[in-house]
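Structure assessment
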Amino acid sequence: MTPVELSRTVLHAVRRAVDEGELSVTVPERAVVAPPGPGGCGDYATNIALKLARAAGRPPRDVAEILKARLLDDEQRFADVVVTGPGFLNLSLRGDAATGLVEEILRRGRRYGHTEVAGAGEAGRGERADEAGVRLVCAAEVRAVVVADAVARVLRSQGHVVRVECDGPLAPEWESVLGAGATPTDPHPGSDPTSGSDSCSGSDSCSGSDPTSEADPTPAPAPGPGRTPHPVRPVTVRPTPAPADPTPLGRDAARWALLHPAPHDRPRITRDHLVQRETNPLFRVRYAHARTRALLRNAADLGFRPEPGPVAFLGTASAPDHRPQPGPAAPLGTAADHGSRAVRDAAPTPLLTLLRDHPRVLAATAAHRGPDRLARHLVAVADATLPLLYSVLPLGEEKPSAAHRARLALAEAAGTVLAGGLSLLGIDAPEHL
């Protein structure tokens, strides 16, 4: 269940309370659902009771208790609902909800979190594809061009028609090395973004990507039959310029160096982005993805496959240090790689929360034109994935069980989200590292 679906469920509980006369309020258009803060618990939390308390003329905790009773009626979704603090509702999802999340990620693959485009599903889907074109305008500066390219990729994943324009000539290596390009500024900004030679709606030259590459997996959709696209909305992309030429770092490290910092921050163009150590966030993200792929290969050698299901962990001791170390790693599945059975006390809840949050992060990245949001999210997913990996394969004489298959499916889902996110940033996700 995604935060959007949870928001609808919370609003349904408010609507029921109003219909039954327990609350006298106007049902809001949306309920904010996010991971719980300090003092919270469960998978998600919402402050909807605090928002409604004044209009209801009741203390926030009383409103929260009313909504709690109605949320707990939904036994298929919630294992528990707890009221904390002044009236926060903390929601714990059932294990089968986590299973459904993993199934959805594996079904959609790298497109998990993308908006369906018109014509790709049932009627009425993908309306956003026609809402408006987006015209990204950037300076002829390397970071501005790379940021605009990444923003365009994420916007297309959310169903927008996008083209990227630059107000000056580009250095050839920005496209040949960094995979980022743009077209000259269009003197007719209100023209149809789906027509003309400078359109980025389906041109790989606009994004600088290889037509056969998965780096930009979502082509820009064309307007539906008989529909007229809305005028193009110009958006200026103006991050803090790079202090040095990033191309010597190569495509992946250079793009990460330019995209990971917030647009207003000065990027560090150093060889630290090439170091294979835990201090390098890019390495941690790619390492976590490569390990999930290695686990799938190792599991196939042992004769079992991923099957989504409840993820249970054993033991009570603390897990060993799971951080990646330089140099050759011990073969996956060996005692040196996994450590003791005690590693299985690591709960998957933080990872599941981050995976559920992925569609919201993509939507926020598109709305705020900030690829740094996606980059930071991928680092968080990678850091939450690594503790899981040590409990996926059976140890010693242990036989593969349903628990192993469920953990393998969760690991594959995490790797899928990491690969999809990296591809939207224009960065490769290697299967071997």
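Residues numbered from 1 in each chain as written. Predicted model: local features only at pLDDT ≥ 70, side-chain atom pairs only at ≥ 80, totals over all residues. Heavy atoms only, no water.

Here we look at the overall build of the chain
Operational definition: Numbering goes from the N terminus for both helices and strands, where a helix is a DSSP run of H or I of at least four residues and a strand is a run of E of at least two. Here a residue-residue contact requires only that any non-hydrogen atoms of the pair lie within 4.5 Å. Accessible surface is estimated by sampling points in the Shrake-Rupley manner with a 1.4 Å probe; for residues, cover comes only from the protein chains shown.
When its secondary structure is counted, the chain shows 13 helices and 8 strands. Across the chain, contacts joining residues at least 24 apart in sequence account for 73% of those joining residues at least 6 apart. By element, 51% of the accessible surface of the chain is carried by carbon and sulfur atoms, the whole surface being about 19,100 Å².

Comments concerning the sheet that holds strand 2 (residues 44-46)
Using the following cut-off: Pairing between two strands is assigned when DSSP locates at least 2 bridges connecting them. A fitted line through C-alpha atoms serves as each axis, taken over the contacting stretch for helices, and the angle formed by two N-to-C directions is quoted from 0 to 180°.
Spatially, 4 strands are ordered 1-2-4-3 in an open sheet, and the strand pairing comes out antiparallel. In this open sheet, the two strands that pair with only one neighbour each are strand 1 (33-34) and strand 3 (78-84). In this structure, strand 3 lies alongside strand 4 (residues 88-93), joined through 6 bridges in antiparallel fashion. Note that in strand 4 the partner of T84 across the bridge is F88. Its contacts with the sheet put helix 3 (residues 60-72) on strand 3 and strand 4, and the angle it makes with strand 3 is roughly 175°.

Here we look at the pattern of salt bridges
Here is the rule: One side-chain nitrogen of Lys or Arg within 4 Å of one carboxyl oxygen of Asp or Glu is enough to make a salt bridge. Type-normalised accessible area, obtained with a 1.4 Å probe on protein chains alone, sets the label of each residue: buried when under 20%, exposed when over 50%, and partly exposed for intermediate values.
As enumerated under the stated definition, the model contains 16 salt bridges in all. The residue R16 makes a salt bridge to D73 at a minimum N-O spacing of 3.1 Å. Taken together, the residues span a long stretch of sequence, with R16 in helix 1 (residues 3-19) and D73 in the loop between helix 3 and strand 3 at a distance of 57 residues. Using a relative accessible area of 25% as the deciding quantity, one classes R16 as partly exposed. Salt-bridge contacts for R376 lead to D372; the nearest nitrogen and oxygen are separated by 2.5 Å. Pair noted here: R376 and D372 are both in helix 12 (residues 371-389), with a separation of 4 residues, about one helical turn. By relative accessible area, which is 43% here, R376 ends up partly exposed.

Things to note about the packing of aromatic side chains
Definition in use: Each aromatic pair joins two rings of Phe, Tyr and Trp (for Trp, the six-membered one) with centres within 6.5 Å, and gets the label stacked for planes under 30 degrees apart, edge-to-face for over 60, and tilted for any other angle. Think of it as a cone above the ring: NZ of Lys or CZ of Arg counts as a charge over the ring if it is within 6 Å of the ring centre and within 35 degrees of the ring normal.
Applying the stated criterion across every chain, the model contains 1 aromatic pair. We note R291 situated over the ring of Y390; from NZ or CZ to the ring centre the distance is 5.6 Å.

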